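# Structural description and commentary
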Amino acid sequence: MDALVREAEGRKLLYELSEKPGNKNCLLLNFAIHSIWKRGYADETEVAHVTAATAYFSVFHHVLCNKLQSLCGVTDEDTLTASKMELRRMSTHSQFTCK
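Cut-offs and rules
- Residues numbered from 1 in each chain as written.
- Predicted model: local features only at pLDDT ≥ 70, side-chain atom pairs only at ≥ 80, totals over all residues.
- Heavy atoms only, no water.
- Axes fitted to C-alpha atoms, helices over the stretch in contact; angles between N-to-C directions.
- Helix = DSSP H or I, 4+ residues; strand = E, 2+ residues; numbered from the N terminus.
- Parallel < 35°, antiparallel > 145°, perpendicular 65-115°, else oblique.
- Left-handed = near helix turned anticlockwise from the far one by under 90°.
- Contact = heavy atoms within 4.5 Å.
- Nonpolar A, V, L, I, M, F, W, Y, C, P; charged D, E, K, R; others polar.
- Buried < 20%, exposed > 50% of the residue type's maximum accessible area, 1.4 Å probe, protein only.
- Salt bridge = Lys/Arg side-chain N within 4 Å of Asp/Glu carboxyl O.

### Comments concerning the packing of helix H2 (residues 8-19) against helix H3 (residues 27-38)
At a closest axis distance of 10 Å, the pairing of H2 and H3 adopts a crossing angle of 135°. With respect to their mutual orientation, H2 and H3 come out oblique. Of the two possible hands of crossing, H2 and H3 adopt the one that is left-handed. Residues Arg11, Leu14, Tyr15, Leu17 and Ser18 of H2 lie in contact with H3, whose contacting residues are Leu29, Ala32, Ile33 and Ile36. For the contact of H2 with H3, the per-class residue count stands at seven nonpolar, one polar and one charged.

### Digging into the environment of Ala32
Among the structural elements, Ala32 can be located in helix H3. Residue class for Ala32 comes out buried when judged on its relative accessible area of 0%. Through-space distance from the C-alpha of Ala32 to that of Tyr15 is 9.0 Å; in sequence the pair is 17 residues apart. Not counting residues up to four positions away in its chain, the partners in contact with Ala32 are Met1 and Leu14.

### With respect to the pattern of salt bridges
This structure, assessed with the given rule, holds three salt bridges. Where Arg39 meets Asp2, a salt bridge forms, and the shortest distance between an N and an O atom there is 2.6 Å. With a gap of 37 residues between them, Arg39 in the loop between H3 and helix H4 (42-48) and Asp2 in helix H1 (residues 2-6) connect regions that are remote in the sequence. Judged by relative accessible area, which is 42%, Arg39 ranks as partly exposed. In this structure, the salt-bridge partner of Lys67 is Glu86, at a minimum N-O distance of 3.2 Å. One end of the pair, Lys67, is in helix H6 (residues 57-71); the other, Glu86, is in helix H7 (residues 77-91), and 19 residues separate them in sequence. Residue Lys67 is classed as buried on the basis of its relative accessible area, which comes to 19%.

Listed below in structure tokens is the structure:
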């Protein structure tokens with residue numbers, strides 16, 4: 001796992017696997033994404049694969065706060081619509097972030 005997290009290609013693979021519908025609640029992949037986030041790749045995790053990062057509340061909270069802060073000054077309708085869809089997708093990604 002350490003080798004995958006250290007390498008950009010390995011992180012990309014973990015992101016891609018975690019985004020697949022059948023892997024939505026895979027504990028191993030959720031742990032891997034959380035490990036990536038904890039090791040200093042938070043920005044990469046947020047930008048690349050927000051939904052995968054939301055399985056852990058600490059990551060979800062951080063990503064949600066950053067996303068909401070980034071929306072404060074946005075006036076472009078297309079950007080607002082895309083962000084709203086991303087927030088919905090992020091909030092309903094896992095059993096921990098959905099009602």
